[in-house]
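If you want the building blocks of each chain, they are given just below.
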Amino acid sequence: MSAIELSNVSRWYGNVVAVNDITMTIGPGVTGLLGPNGAGKSTIIHMIAGFLGPSKGTLTVDGRPSWENPGVYKILGLVPERDSVYAFLTGEQFVRATAKLHKLPDLAGATRRAIEMTDMADAADRKISTYSKGMRQRIKVAAALVHDPQILLLDEPFNGMDPRQRIHMMDLLAKLGTEGRTILFSSHILEEVERLSGTIQVMVAGRLAASGDFRAIRRLMTSRPHVFNVRTSSASDDRRLAAVLVGRPFTNAVELSGKGLQVRTSDFGAFCGQIAALTRDNGIALRELLPTDESLESVFGYLLSDQAN
Amino acid sequence: MSSLFNPVVAALTFRATLGRRRAVLFAIPAVILIALTLVLRATHPAAGALWPSNVLGDFGFSVLLPLTALIIGTSVLGAEIDDGSAIHLLATPVPRSSVVVTKFAVSAMMTMVFAALPELIAGLLAPHSTKLAFALFVGALVGSVIYSAVFVAASVLTSRAIAVGLLYVLIWEGLLGNLVGGARILSVAHYSLGVANAIDPDQNLMAGLTLATSVILGTIVTIGALILATRRLSAFAIKGEPA
């Protein structure tokens, strides 16, 4: 049972802090590292993989520091985000070369197993230079899996994959997780993490904003205040709709402006579920319903401010 | 040394280096040297002519050897670090010392083929220069080894290895090495010429160092560069993008 432990880990570049005082333990199963671009996810993955040293704090993989310790790659596989592989090799040659570098006793068996696991058998004899981005991603995963590592790190593994490949990769990672391996992947897409991992670590601006069970964090995300811009067919209808909404339990505030009204709600689901029926029942023509501030950054920012409070 | 040489890393390096577009550049200085030799042989065939030692010594050791070694030495590892493919090699339990030594060995071998061998061929084509040809060939073999260690180390130490290497070859070796005697003790070209001159003493080679000095300094520089490169690669960090 291999675990990754970070204790008060920080990493900075000059005077820019990329990762700020992170403490987390990642055990067997699939864990998602979620956060917007620039949150520090790749920095965390690179530090765990031994390709960056922490500026402060301690980081161990299976009890040993990964920084300046190539021995860690006996139990760890890395799938980097950067799409650079030895493009002059075929997929099979690339995976086999990796198996040789690991000095595996059964080169052919390990290579075949890794290629089959990633559903790349049909394309294994083609040069990597002819692969699509998704296929390159899968052959990188095959190479990372060839030595049957206990820990697998994947930096944005679903980038460039089509929906079918994405589902296949998710199923593969889920299977690896249930086998007792420690799988850590980073993503900035909520749905990817939601589908794949029960446990998530949410990073925002280099800090750990939330950690733990996905469903609990998801509830935190959906119960945050939401703001909608609403426009009807006339100013009088705007006023009537405002009066209707003010009496509803999900409404926090309604503000009228020359361009319609702005509604703040603490219950995203109830508001979205009832607004259409309310306007119809009151004979109001709804022209526009726009959620504002729905970017992932704002969701994560809310979590961070919530944690600070 | 043999346990440090990894044949899988070597095979990948050969294919990656020769497959790149810049591989065409490897042969250009060699072609120029041989073409120049053929032209001079046709126009100045007389015995006792000075041009063989001038052309083979000056052009061969000031241009052909260092530039070929620079292009190859900075390609074998530096190009993989630049394009990110090195991470697939470094994320394995292969000791970093083994990676450095293997890359160095491949660079030295390729430099011998693209610089030392053409030096020998040009020497044999030049009139009445057989002994000089073998002397320069041995000197170029030695130079291939030392330059490779220096340029492989430079490619690990800086992302501007080619610029740094060019400055070293043109300013330090080409200018200061010929004007200031002390600069020669840190000149790989003069280590190579020192070895060649010991085999076939020739004033026109302008060798500024003795054989013993050349061998001792060349050994120190080679081993030092490899140790430095290994230490740096052991702490290899992916360039991060600050949050």
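Being a predicted model, the structure only gives us computed values, none of them experimental. (Residues numbered from 1 in each chain as written. Chains lettered and ligands numbered in written order. Predicted model: local features only at pLDDT ≥ 70, side-chain atom pairs only at ≥ 80, totals over all residues.)

A. How the structure looks around the interface of chain A and chain B. Taken together, the 32 residues of chain A in the interface contact 24 residues of chain B. Put simply, the parts of the chain that give the side of chain A that touches chain B at least two residues each are strand E2 (16-26), helix H1 (41-48) and helix H2 (91-101) of chain A. A per-class count over the side of chain A that touches chain B returns 18 nonpolar, ten polar and four charged. (Contact = placed C-beta atoms within 7 Å. Helix = DSSP H or I, 4+ residues; strand = E, 2+ residues; numbered from the N terminus. Nonpolar A, V, L, I, M, F, W, Y, C, P; charged D, E, K, R; others polar.)

B. Broad picture of the sheet that holds strand E11 (residues 226-232) of chain A. Residue and element names in this part refer to chain A. Within the open sheet, the four strands sit side by side as E12-E13-E11-E14. Their pairing is antiparallel. The open sheet has two free edges, formed respectively by strand E12 (251-257) and strand E14 (286-292), since each of these has just one partner strand. Between one strand axis and the next, the sheet turns through 20° on average, direction left out of account. The pairing of E11 with strand E13 (residues 260-265) spans five bridges and is classified as antiparallel. Bridge pairing links Val230 to Leu261 in E13. Strand contacts of helix H8 (residues 235-246): E11, E12 and E13, with the helix running at about 165° to E12, the strand carrying the most contacts. Against the sheet, helix H9 (residues 268-281) touches E11, E13 and E14, its axis set at about 170° to E14. (Pairing = 2+ DSSP bridges. Axes fitted to C-alpha atoms, helices over the stretch in contact; angles between N-to-C directions.)

C. View of the sheet that holds E2 of chain A. Residue and element names in this part refer to chain A. In spatial order, the strands read E2-E1-E4-E5; together these four strands make up an open sheet with antiparallel pairing. The two strands at the open ends of the sheet, each matched to only one other strand, are E2 and strand E5 (64-65). Bridge count between strand E4 (residues 56-61) and E5: two bridges; the pairing is antiparallel. By the bridge assignment, Val61 is partnered in E5 with Arg64.

D. Local environment of the pairing of E13 of chain A. Residue and element names in this part refer to chain A. Of the strand pairs in this sheet, E12 and E13 are connected by six bridges, and their pairing is antiparallel. The partner of Glu255 across the bridge, within E13, is Gln262. Connecting the antiparallel pair E12 and E13 is a turn made up of two residues.

E. A look at the packing of helix H3 (residues 51-83) of chain B against helix H8 (residues 188-199) of chain B. Residue and element names in this part refer to chain B. As a packed pair, H3 and H8 sit with axes 10 Å apart at the nearest point and diverge in direction by 135°. Judged on the interaxial angle alone, H8 and H3 are oblique. The two elements H3 and H8 meet at a crossing, and its hand is right-handed. Each of Gly57, Phe61, Ser62, Leu65 and Pro66 in H3 lies in contact with H8, whose residues at this interface are Ala189, Ser192 and Leu193. Across the contact of H3 with H8, the residue classes tally to five nonpolar, three polar and no charged. (Parallel < 35°, antiparallel > 145°, perpendicular 65-115°, else oblique. Left-handed = near helix turned anticlockwise from the far one by under 90°.)

F. How the structure looks around helix H7 (residues 161-179) of chain B. Residue and element names in this part refer to chain B. At Trp172, H7 shows its maximal bend, which comes to roughly 30°. Of all the residues in H7, the buried ones are Ala161, Gly165, Tyr168, Val169, Glu173 and Gly177. Tucked inside the fold, the buried residues of H7 contact H3, helix H6 (130-157) and H8. (Bend = angle between axes of the 7 residues up to and from the residue. Buried ≥ 20, exposed ≤ 12 C-beta atoms within 10 Å, placed from the backbone.)

G. Structural context of the domain arrangement of chain A. We note that the domain assignment places domain 1 (4-221) and domain 2 (224-308) within chain A. Placing the centre of domain 1 of chain A and that of domain 2 of chain A at their C-alpha centroids yields a distance of 40 Å. (Domains from an automatic or database assignment.)

H. View of the packing of H8 of chain B against helix H9 (residues 211-234) of chain B. Residue and element names in this part refer to chain B. Packing of H8 against H9 brings their axes to within 8 Å, and their N-to-C directions diverge by 140°. When the axes of H8 and H9 are compared, the pair comes out oblique. Taken as a pair, H8 and H9 cross one another with a handedness that is left-handed. In this structure, H8 uses Tyr191, Gly194, Val195 and Ala198 to contact H9, whose residues at the interface are Leu211, Thr213, Ser214, Leu217 and Gly218.

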